[in-house]
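This is what each chain is made of:
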Amino acid sequence: MELKNTNAQTKLYTGLGGVLDSLALVSLVSDLEELLSKELGKEIILADEKMMSARNSPFKDVKTLAEYITKALEKD
């Protein structure tokens, strides 16, 4: 999957305006988890039940997702 012309404000999955449908979002999350495991040797679950029901989704945009991943890595 390649997203062209993306930046920190690129909407990921927020309904209208987002660039990823639900299947593409699942694929992105899976790819990110695999990459983090391979490159950093850390097993991080980015999509769990608590996060999926969170009021402020970490999948709102690229910046929000990057911040969420950074916090998850710091916890570990």
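Placed above this text is the structure.
All values reported here derive from a predicted model rather than from experimental measurement.

Visitor: Any chance you could break down the side chain of Thr10 for me, citing the residues and the numbers?
Guide: Summarising the element assignment, Thr10 is placed in the segment before helix H1 (22–40). Not counting residues up to four positions away in its chain, the partners in contact with Thr10 are Asn5, Val19, Lys60, Asp61 and Val62.

Visitor: Can you lay out the nonpolar core for me, pointing to particular residues and giving the numbers?
Guide: Leu20, Leu25, Val29, Leu46, Phe59, Leu65 and Ile69 are the most contacted members of the largest nonpolar core, which has 13 residues in total. Of all the elements in the fold, those that place two or more residues in this core are H1 and helix H3 (62–75). Considering each element in turn, this core owes the most residues, five residues, to H1.

Visitor: An account of H3 is needed here, citing residue identities and associated values.
Guide: In this model H3 runs 20 Å from its N-terminal to its C-terminal C-alpha over 14 residues, within 8% of the 20 Å that 1.5 Å per residue would give. Buried residues in H3 make contact with H1. Here H3 starts with a cap whose side-chain oxygen sits 3.3 Å from the backbone nitrogen of Lys63, and that cap is Asp61.

Visitor: Which residues make up the packing of H1 against H3, and what values do they have?
Guide: Look at H1 against H3: their axes get within 13 Å of each other, and the N-to-C directions meet at 40°. Between H1 and H3, the angle falls in the class oblique. Along this stretch, H1 crosses H3, giving a crossing that reads as right-handed. Contacts between H1 and H3 involve Leu28, Leu32, Leu36 and Leu40 on the former and, on the latter, Leu65, Ile69 and Leu73. A breakdown of the residues in the contact of H1 with H3 according to their chemical character gives seven nonpolar, no polar and no charged.

Visitor: Any details on H1? Residues and values, ideally.
Guide: Residue pairs three or four apart in sequence face the same way in an α-helix, which turns once every 3.6 residues. Here H1 spans 26 Å end to end across 19 residues, near enough to the 27 Å set by a 1.5 Å rise per residue. Burial in H1 covers these residues: Ala24, Leu25, Leu28, Val29 and Leu36. Projection of H1 onto a plane perpendicular to its axis shows the buried side chains occupying an angular sector of 140°, all on one side. Those residues of H1 that are exposed and aimed more than 90 degrees away from the buried face are Leu23, Val26, Glu34 and Lys38. For H1, the elements touching its buried residues are H3.

Rules behind the numbers
- Throughout this description, residue numbers start from 1 for each chain and increase along the sequence as written.
- Reporting of local features is limited, given that this is a predicted model, to residues whose pLDDT is at least 70; pairs of side-chain atoms are given and counted only at 80 or more, and all residues count toward the totals for whole chains, interfaces and linings.
- Excluded from the side-chain calculations are hydrogens and water; all other atoms, namely the structure's heavy atoms, are used.
- Helix and strand definitions follow DSSP, with helices as H or I runs of at least four residues and strands as E runs of at least two, each counted in order from the N terminus.
- The criterion used for residue contact is that any of the two residues' heavy atoms lie within 4.5 Å.
- For our purposes a nonpolar core is just a set of buried Ala, Val, Leu, Ile, Met, Phe, Trp, Tyr and Cys residues, chained together by side-chain atoms within 4.5 Å.
- The classification of residues rests on relative accessible area computed with a 1.4 Å probe and restricted to protein chains. Under 20% of the type maximum is buried, over 50% is exposed, and intermediate values are partly exposed.
- For a helix, the expected span equals 1.5 Å multiplied by the residue count minus one.
- Identification of polar contacts relies on pairs of N or O atoms within 3.5 Å, with a donor-acceptor requirement for protein atoms, meaning one able to donate a hydrogen and the other able to accept it, and with residues adjacent in sequence counted only if both atoms are side-chain atoms.
- Axis angles are defined between N-to-C directions and span 0 to 180 degrees, where every axis is a line fitted to C-alpha atoms and, for a helix, only to the segment in contact.
- An angle counts as roughly parallel when it lies under 35 degrees, as roughly antiparallel when it exceeds 145, as roughly perpendicular when it falls between 65 and 115, and as oblique in every other case.
- In this scheme, a crossing is called left-handed if the near helix is turned counterclockwise away from the far one by less than a right angle; it is called right-handed if the turn is clockwise.
- Residues were grouped as follows: Ala, Val, Leu, Ile, Met, Phe, Trp, Tyr, Cys and Pro as nonpolar; Asp, Glu, Lys and Arg as charged; and all remaining residues, including Gly, as polar.
- This arc corresponds to the set of directions leading from the helix axis out to the C-beta atoms.

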